[in-house]
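# Analysis of the macromolecular model
The residues making up each chain are set out below.
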Amino acid sequence: MSDSKAVRGSRERKSEQRTSIPTFYRQVVAELRKVVYPTQEQLVTYFLVVMVFVIFMMALVAVEDLAFGKLIFTVFGGNSQQ
């Protein structure tokens, strides 16, 4: 398959147009000024939602681990009388 001239041309132009370090820094600062940071109320809400979810998942995995452990113990290491 052959590349089209449009694709090859755009690759060549990108390598020629390097951004200088000061220009890059100015662009980064300009982009960071556009960022909308959450308010303290939103931050607390997000934190609580994540913590509740994590605690719920920990409890779910712990219950499943205990259940499967007991099941495996009964199947393979049950009450064997010697």
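Residues numbered from 1 in each chain as written. Predicted model: local features only at pLDDT ≥ 70, side-chain atom pairs only at ≥ 80, totals over all residues. Heavy atoms only, no water.

Going through the model one piece at a time under the given rule, you end up with 1 salt bridge. Put simply, Glu31 and Lys34 hold a salt bridge, and the shortest N to O gap is 3.1 Å. Residue class for Lys34 comes out exposed when judged on its relative accessible area of 59%. (Salt bridge = Lys/Arg side-chain N within 4 Å of Asp/Glu carboxyl O. Buried < 20%, exposed > 50% of the residue type's maximum accessible area, 1.4 Å probe, protein only.)

Where nonpolar side chains cluster on the molecular surface, the patch consists of Val50, Phe53, Val54, Phe56, Met57, Met58 and Leu60 and spans about 660 Å² of accessible area. Position of Phe53 among the secondary structure elements: in helix 3 (residues 40–76). (Patch = residues over 30% accessible without salt bridge, like charges linked within 9 Å, V, L, I, M, F, W, Y side chains within 5 Å. Areas by Shrake-Rupley, 256 points an atom, 1.4 Å probe, with all protein chains shown as cover. Helix = DSSP H or I, 4+ residues; strand = E, 2+ residues; numbered from the N terminus.)

Here helix 3 spans 53 Å end to end across 37 residues, near enough to the 54 Å set by a 1.5 Å rise per residue. Burial of helix 3 is sparse: only 0 of the 37 residues sit out of reach of the surface. (Expected span 1.5 Å × (residues − 1).)

The predicted model of the protein chain has a mean per-residue pLDDT of 85, with 76% of residues at 70 or higher. No element of the protein chain has a lower mean pLDDT than helix 1 (residues 5–16), which averages 57, and none a higher one than helix 3, which averages 96. (pLDDT = per-residue confidence, 0-100.)

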